[in-house]
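Below are the chains, spelled out letter by letter.
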Amino acid sequence: MSIDPVAAILVIPLVAAAILAVLPGYRVGAGLNMVASLAALLFALTLLWERPATGPYLLVDDLNIVFVLLNCFIGFTTSTFSASYIGHELQIGRLKPIHLRFYHAMFQLMLFGMNLALLANNIGLMWVAVELATLTTVMMVGLYRTAEALEAAWKYFILGSVGIALALFGTILVYLAARPVVGEGLDAMIWTNLLKSAPYFDPSLLNIAFIFLLLGYGTKVGLAPLHAWLPDAHAEGPTPISAVLSGLLLNVALYALLRFKVLLAANPHAIAPGPLMIGLGLLSLIFAGFMLYRRRDIKRLFAYSSIEHMGIIVFAFGMAGPLGNFAGLLQMTMHSLTKSAIFFSVGHITQVKGTQSIDGIGGLTESHPLLGWALVAGVVAIIGLPPFGVFTSEFLVVSSTFARQPVLAVLLVGGLLLAFGALLLRVTDVAFGPIKGPVGPVHATYVPMFAHFALVLMAGVWLPPALVAWFQHVAALLG
Amino acid sequence: MPWVDAHGLSFDIAHSLAGLLVLVSFMMLYQDRLTALLHVLGLHAFVLALSVAWQAHIQAAPHLYITAGIALAFKALLIPYALRRMVFQMGLHREIETVGGIGLTMLAGIALVALSLEVMLPVTEHTDPVAREDIALALSVVLIGLLMMVTRRNAISQVVGFMSLENGINLAATGARGMPLVVEISVAFSILIAFIVVGVFLFRIRERFDTVDVSALDRSRGGQT
């Protein structure tokens with residue numbers, strides 16, 4: 001093939017963003033949004049067969065292909081969901097056509113930023129890309145211009161900026177640690193070079209750098225106690241953005257963290273990154289588990305569930321080892337698919353009911369059987385019940401932890417059960433009991449939602465051996 | 001280029017400028033009027049510009065002059081001026097409150113400087129001496145910026161805190177000799193700050209909420225909704 005897939009994955013969203021910014025008419029815009037996302041996804045798929053050479057700026061390896069594919073896939077399904085969601089918002093007058101032009105352009109720009117962060121081989125470039133993705137999502141969170149949306153955007157902006165600033169400080173320290181070994185200039189920021197020479201870096205400098213990076217990118221992962229922006233941003237922005245925030249942006253920050261964790265693990269004298277990640281992961285899990293009980297807003301509820309899951313994922317990567325990393329990767333993939341599908345269904349529900357308050361929604365399985373049961377299925381999946389894929393990955397996390405650190409496993413299971421109870425309680429409020437709120441029909445497509453659920457179900461029943469082999473290989477790379 | 005020896009004049013000047021930046025950070029902590037705070041912010045960016053220009057000179061790295069120029073034009077002049085206009089338009093040129101009192105904040109600031117010296121000096125023993133102390137001082141500036149963002153409740157003072165934090169990072173980035181992408185990163189940061197400032201202005205936080213006190217924005221906390 002003559003077109004470089006990596007260039008295509010980056011250029012397509014960028015060009016699409018430029019066109020969408022000037023294109024009048026929301027139908028055309030939504031259509032182009034879908035087409036561009038699909039094209040990026042197709043090019044991402046070709047990466048499975050042919051892999052471009054590693055350059056000083058861009059890199060494709062087994063680790064980031066997983067993230068890029070997930071990113072492009074959920075980007076595409078979300079653009080499909082967004083097309084119908086946005087049409088409804090326009091009808092009820094919550095958004096104006098000019099907002100949509102802005103929204104679509106920002107959506108593609110965000111995909112560009114995330115893809116760039118995932119493909120970057122240069123830790124400075126990665127930082128700039130994460131900043132770009134953050135900025136675009138900030139603007140989309142504030143899209144509705146209500147007092148609450150602006151507050152959410154402001155909070156996200158300030159906390160995100162502080163996180164990003166700390167991450168940059170960490171990046172500078174990594175450069176300082178690398179410079180005596182790798183030499184001055186660009187070479188000392190290229191990740192593949194850093195990995196080769198990591199064993200000779202000054203370990204104490206690398207330790208401090210990792211703490212800054214963990215706090216900085218950890219803010220963007222949504223780890224407690226730096227999570228304060230996350231529930232607001234999820235609750236007040238348009239629902240497609242909640243879906244990509246939970247499904248993708250948290251992963252991108254996590255990916256950045258993993259890259260640095262690999263560096264640290266390669267240095268025999270540096271601190272083990274595991275205990276720090278395990279601590280923050282458990283804290284997020286248990287904290288979110290308790291917070292879930294008091295939520296009265298359905299989007300906020302699932303936002304806290306994302307904090308909980310990021311906690312589990314960071315915990316799994318902190319436990320490390322082939323099994324821990326494998327479980328972390330699987331959990332991350334499953335969470336992304338499930339949580340974005342849940343947000344799709346929540347988007348339909350809040351549009352029908354005209355409210356996000358759990359008290360205003362009831363009896364969904366009677367009034368909208370398909371939607372109601374889909375939400376129930378989503379919650380069953382996300383709390384880790386069989387036959388869905390999250391069960392497989394959570395089972396792996398728990399069993400591997402029991403084998404190595406029984407005390408941590410008890411805490412982990414405690415946190416999981418907390419969240420389990422809370423989500424089950426809330427979903428019964430919403431899905432069963434007397435019908436509350438309007439019962440109008442849903443004018444939207446369920447295809448993206450069911451596509452995600454089908455994948456999650458399939459992963460729970462039968463994981464393709466090729467995928468298992470791939471994840472095992474990546475898990476070994478992560479150390 | 002002959003590398004600067006550890007006790008030469010250029011070494012001392014680099015450190016004096018970095019130390020001056022920490023001092024100006026402290027000056028920010030006790031400003032209780034927004035307009036005065038903005039003046040100090042301008043001074044902060046001006047000192048940063050001097051420091052970066054000096055680094056450009058001793059490292060013979062002409063591209064750093066761009067970063068210095070951005071700091072001077074954008075952060076020392078344009079942003080404080082824009083914020084000042086905003087403050088007057090919103091009628092905010094009156095006292096601002098701090099949480100915990102000025103004395104306590106200053107003590108916390110001193111503790112943070114001690115902490116960053118304590119943390120950074122031992123671990124940077126093997127790097128070159130200019131970077132070594134610059135990084136320690138830069139971390140102090142970053143931490144004081146964070147302290148300011150935590151203690152102030154006013155949206156504009158939080159922006160000022162963030163800008164001082166960002167100045168500290170610029171100091172660290174330029175002190176790390178030969179670091180690539182410094183100019184690009186300082187441009188990226190300037191864009192970020194411009195967005196914040198435009199955001200405060202466009203979203204008319206005062207108009208919407210009748211205050212720029214962010215504690216008044218905490219209406220829709222999760223528990224109550």
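Here, the structure is the one placed above.
This is a predicted model, so every value here is computed, not measured. (Residues numbered from 1 in each chain as written. Chains lettered and ligands numbered in written order. Predicted model: local features only at pLDDT ≥ 70, side-chain atom pairs only at ≥ 80, totals over all residues.)

### Focus on the overall build of chain A
Turning to step 1, where the next piece is worked out: Across its full length, chain A carries 19 helices and zero strands.
Turning to step 2, where the next piece is worked out: In summary, chain A has a C-alpha radius of gyration of 21 Å against a globular reference of 23 Å for 479 residues, a match within 12%.
Turning to step 3, where the next piece is worked out: Over its C-alpha atoms, taken along the principal directions, chain A stretches across nearly 65 × 55 × 45 Å.
Turning to step 4, where the next piece is worked out: Within chain A, buried positions represent 62% of all 479 residues.
Turning to step 5, where the next piece is worked out: A sequence separation of at least 24 residues applies to 82% of the contacts in chain A between residues at least 6 apart. (Helix = DSSP H or I, 4+ residues; strand = E, 2+ residues; numbered from the N terminus. Rg over C-alpha atoms; globule rule 2.2 N^0.38 Å. Buried ≥ 20, exposed ≤ 12 C-beta atoms within 10 Å, placed from the backbone. Contact = placed C-beta atoms within 7 Å.)

### Here's the deal with the interface of chain A and chain B
Turning to step 1, where the next piece is worked out: Facing the 35 residues of chain A at the interface are 39 residues of chain B.
Turning to step 2, where the next piece is worked out: Only helix 5 (123-141), helix 6 (147-182) and helix 8 (203-221) of chain A provide two or more residues apiece to the side of chain A that touches chain B.
Turning to step 3, where the next piece is worked out: Top contributing element to the side of chain A that touches chain B by residue count: helix 6 of chain A, with 17 residues.
Turning to step 4, where the next piece is worked out: Partitioned by chemical class, the residues of the side of chain A that touches chain B number 20 nonpolar, four polar and eleven charged. (Nonpolar A, V, L, I, M, F, W, Y, C, P; charged D, E, K, R; others polar.)

### Brief notes about the packing of helix 16 (residues 389-404) of chain A against helix 18 (residues 447-461) of chain A
Residues and elements named next belong to chain A.
Turning to step 1, where the next piece is worked out: At a minimum axis separation of 6 Å, helix 16 and helix 18 run at an interaxial angle of 50°. In terms of their interaxial angle, helix 16 and helix 18 are classed as oblique. Residues G389, V390, F391 and T392 of helix 16 form the contact with helix 18, whose participating residues are V456, A459 and G460. (Axes fitted to C-alpha atoms, helices over the stretch in contact; angles between N-to-C directions. Parallel < 35°, antiparallel > 145°, perpendicular 65-115°, else oblique.)

### Topic: helix 10 (residues 239-266) of chain A
Residues and elements named next belong to chain A.
Turning to step 1, where the next piece is worked out: Taking 1.5 Å as the rise per residue, helix 10 with 28 residues should run 40 Å; its terminal C-alpha atoms sit 40 Å apart, in good agreement.
Turning to step 2, where the next piece is worked out: Its axis deflected by about 40° at L245, helix 10 carries its strongest bend there.
Turning to step 3, where the next piece is worked out: Helix 10 sits mainly inside the fold: 25 of its 28 residues count as buried. (Expected span 1.5 Å × (residues − 1). Bend = angle between axes of the 7 residues up to and from the residue.)

### Brief notes about the environment of L92 of chain B
Residue and element names in this part refer to chain B.
Turning to step 1, where the next piece is worked out: Tracing the sequence through the fold places L92 in the loop between helix 3 (64-89) and helix 4 (102-123).
Turning to step 2, where the next piece is worked out: The buried category is assigned to L92, around which 20 C-beta atoms lie within 10 Å.
Turning to step 3, where the next piece is worked out: Expressed as a C-alpha distance, the spacing of L92 and L139, which sit 47 residues apart in the sequence, is 31 Å.

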